[in-house]
Amino acid sequence: MLQLNYIRENKEEVITRLAIKNFNAKESVEKIISIDSDRRKIQTELDTLNSEANAIAKQVGDLFKAGKQAEATDLKNKSTALKETTKKLEISLSSTEEELNKVLVLLPNLPSVKVPKGKTPADNENVHEEGEMPKLSASAKPHWELTSQYDIIDFELGVKLTGAGFPVYKGKGAKLQRALINFFLDNATAAGFLEIEPPIMVNEASGFGTGQLPDKEGQMYHVGVDNLYLIPTAEVPITNIYRDTILKGEDLPVKNCGYTPCFRREAGSYGKDVRGLNRLHQFDKVEIVQIAHPDKSYEVLEEMRNYVAGILRKLELPFRILKLCGGDMSFASALTYDFETYSAAQQKWLEVSSVSNFEAFQSNRSKIRFRDGNGKPQLAHTLNGSALALPRIVATLLENNQTDNGIKIPKALVPYTGFEMIN
RNA sequence: GGAGAGAUGGCAGAGCGGUUGAUUGCACCUGUCUUGAAAACAGGCUUGGGUAAAACCAACGGGGGUUCGAAUCCCUCUCUCUCCGCCA
């Protein structure tokens, strides 16, 4: 959620920058400013009347003590009359606030000034590319054929148990999952991230805090009887740990990581993009989260970007880094780097990580603050990134490392899998 | 699932109708003392709105009510804890 003061003082800038996200904010911004001015007017009026009523109540108390009942009665009547007006003002204040909030909450975060213009993924800026492109024979297979050839992932069985998008990992396939999770967690903790194992269901307040609710309601699985949501990413519970918290300045940056399964309804997805491991309803992911000082958050973003690049390097996967254009960015993000690995048999780039700075957008919703030099609470910046999401990593590992004798496991991972080949 | 208790500042814990944003202790910050630290003493120490700064207003889990006046009384919702049951 954008800060009201900022909108009020930088009206034109807000509109211009949201246009980079292809969001026409003119009407909303005008509305916000006008409702807010009403709100302040009502607030002031109410404050004045309350102040008066407080004074009367005090006098009545004093008169009672002095035994001057008659005078007290007069004042009582005055106060009763006052109350009718304050009641009305209170109602109008809360409805004004509600109206204001409704508009405010639907405004996306401002893209950072570094964000390139553009409408579609084709407009994303390729900022880095590294690694050797594998040369596969013509008979190279896509991962969904390899997984059934070696019997390591069973998509059909998942359909039987649950539905499409819920694969069953078996044997070395299951072990590979476990190996990757541990590999990612060990790397993250070695880099100073504190490991967290959070709940994988969250309440409404948490969903709101990180920006999934109310606008992305349909993307999460909802457990109706208890009104809880299955998390789409560990970002939600981990960031919400710090909801309604005032951190000490020296606590920053907070660095957390965590492994969780992730659940996404992916309503509206279809076609070849959803083949095999490319898009799932349930998948495993290790997430890294940081809460940073506003002055440092872009340094932190670069640090996280380097960290993710480092893991991909260890896994010997060719990858590229995209700086997302305004049109492809998420609702809450101010700047996002996407990491894509090249999947040789499908001959396409697959997104395996997304690293974002949300600036104060999430922290304003969830009141994540720290005390600055003056001891005043101030909103912190939140950042997170996948490090990494498993399915597409598995897809590229399988495809890129396939040989006639089986699939080679990258060296860095062998201590975790306990085997060098899937065959 | 059944029965009971409770929700107050960073934590512990008073207050149960009259000014209380809230006694007190711990923690924390500043100062005096000290070579330094500890101890002792003095002072400070919730958040939000509002203001140039004040004044002022709001908030004692959420919502509603009674009253001139509510942290305190009533209703309601949510959550937590204890015991019983069930159970990895």
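Chemist: I keep staring at the sheet that holds strand β6 (residues 222–223) and nothing clicks. Help me out?
Modeler: Hydrogen bonds along the backbone pair up the strands of a sheet, which may run parallel or antiparallel. Taking strand neighbours across the sheet as the criterion, the three strands line up as β5-β7-β6 in an open arrangement whose pairing is antiparallel. Edge strands, defined here as strands with exactly one partner in the open sheet, are β5 (201–202) and β6. Note: β6 against strand β7 (residues 228–230), two bridges, orientation antiparallel. From the neighbouring strand, His222 faces β7, where its bridge partner is Tyr229.

Chemist: Would you mind showing me how to read the packing of helix α7 (residues 172–190) against helix α10 (residues 297–314) here?
Modeler: What describes two packed helices is the angle between their axes and the distance between those same axes. Two elements in contact, α7 and α10, have axes whose closest approach is 11 Å; the angle formed by their N-to-C orientations is 135°. The pairing of α7 with α10 is recorded here as oblique in orientation. Seen from above, α7 lies across α10 with right-handed handedness. The segment α7 lies against α10, with Phe183, Phe184, Asn187 and Ala188 engaging Tyr307, Ile311 and Lys314. Residues belonging to the contact of α7 with α10 are distributed by class as follows: five nonpolar, one polar and one charged.

Chemist: Sorry if this is basic, but what is going on with the layout of surface pockets here?
Modeler: Estimated volume of the largest pocket: approximately 1500 Å³. Around the largest pocket, the lining is made up of 48 residues, and of these Arg264, Glu266, Arg279, Glu351 and Ser354 lie nearest the centre. Mapped by element, the contributors of at least two residues to the lining of the largest pocket are β10 (282–292), β11 (319–323), β12 (335–343), β13 (348–359), β16 (381–389) and α12 (390–400). In terms of residue count, the dominant contributor to the lining of the largest pocket is β13 (nine residues). Counted by class, the lining of the largest pocket contains 17 nonpolar, 16 polar and 15 charged residues. Around the second largest pocket, the lining comprises 17 residues; the ones closest to its centre are Glu316, Asn401, Lys408, Ile409 and Pro410.

Chemist: When you look at the domain arrangement of chain A in this model, what are you seeing that I'm missing?
Modeler: Accessible area lost on assembly of the parts is the figure often given for the size of an interface. Each assigned domain of chain A is listed here: domain 1 (4–105) and domain 2 (121–422). For domain 1 versus domain 2, the distance between C-alpha centres works out to 44 Å. Each side of the interface is counted separately: domain 1 has four residues, and domain 2 has 10 residues. The largest share of the area that domain 1 buries against domain 2 comes from Ile20, Lys21 and Val105, three residues that together contribute 86% of it.

Chemist: When you look at the sheet that holds strand β19 (residues 421–422) in this model, what are you seeing that I'm missing?
Modeler: Within the open sheet, the three strands sit side by side as β17-β18-β19. Their pairing is antiparallel. At either end of the open sheet lies a strand with only one pairing partner, and these are β17 (402–403) and β19. Pairing of β17 with strand β18 (residues 406–408), which is carried by two bridges, proceeds in the antiparallel orientation. Bridge pairing in β18 links Thr403 to Gly406.

Chemist: How should I be thinking about the pattern of salt bridges in this particular structure?
Modeler: It is possible for side chains bearing opposite charge to pair when their charged atoms get close. Under the counting rule described, the total for this entry stands at 14 salt bridges. Glu13 is the partner of Arg17 in a salt bridge, and the nearest nitrogen-oxygen pair spans 2.4 Å. Here the residue Arg17 and the residue Glu13 both occupy positions in helix α2 (residues 11–20), the gap between them amounting to four residues, near one helical turn. Given the relative accessible area of 15%, Arg17 is considered buried. Overall, the relative accessible area of 28% leaves Glu13 in the partly exposed class.

Chemist: Would you take a moment to explain the packing of aromatic side chains for this structure?
Modeler: How two aromatic rings sit relative to each other is given by the distance of their centres and the angle of their planes. Within the structure shown, the criterion is met by seven aromatic pairs. Ring plane angle 80° and centroid distance 5.6 Å describe the contact between Phe183 and Tyr416, whose orientation is recorded as edge-to-face. Residue Phe183 is located in helix α7, and its partner Tyr416 is located in helix α13 (residues 414–417); the two are separated by 233 residues in the primary sequence. According to the relative accessible area criterion, Phe183 is buried, its value standing at 3%. A residue is classified by how much of its surface remains accessible, and Tyr416, at 26% relative accessible area, is partly exposed. Ring pairing ties together the aromatic residues Phe183, Phe184 and Tyr416, which thus form one cluster. When the ring centre of Tyr298 is taken as origin, the NZ or CZ atom of Lys114, which lies over that ring, is 3.8 Å away. A cation over an aromatic ring shows up here: Arg365 above the ring of Phe208, its NZ or CZ 4.5 Å from the ring centre.

The rules we used
Residues numbered from 1 in each chain as written. Chains lettered and ligands numbered in written order. Predicted model: local features only at pLDDT ≥ 70, side-chain atom pairs only at ≥ 80, totals over all residues. Heavy atoms only, no water. Pairing = 2+ DSSP bridges. Helix = DSSP H or I, 4+ residues; strand = E, 2+ residues; numbered from the N terminus. Axes fitted to C-alpha atoms, helices over the stretch in contact; angles between N-to-C directions. Parallel < 35°, antiparallel > 145°, perpendicular 65-115°, else oblique. Left-handed = near helix turned anticlockwise from the far one by under 90°. Contact = heavy atoms within 4.5 Å. Nonpolar A, V, L, I, M, F, W, Y, C, P; charged D, E, K, R; others polar. 1 Å grid on protein atoms, 1.4 Å probe; cavity = no way out; pocket = protein on both sides within 12 Å on 5 of 7 lines; lining within 4 Å. Points joined across faces, edges and corners; volume = space filled by probe spheres on them. Domains from an automatic or database assignment. Buried area = accessible area lost by both parts, 1.4 Å probe. Salt bridge = Lys/Arg side-chain N within 4 Å of Asp/Glu carboxyl O. Buried < 20%, exposed > 50% of the residue type's maximum accessible area, 1.4 Å probe, protein only. Phe/Tyr/Trp six-rings, centres within 6.5 Å; stacked < 30°, edge-to-face > 60°. Lys NZ or Arg CZ within 6 Å of the ring centre and 35° of its normal.

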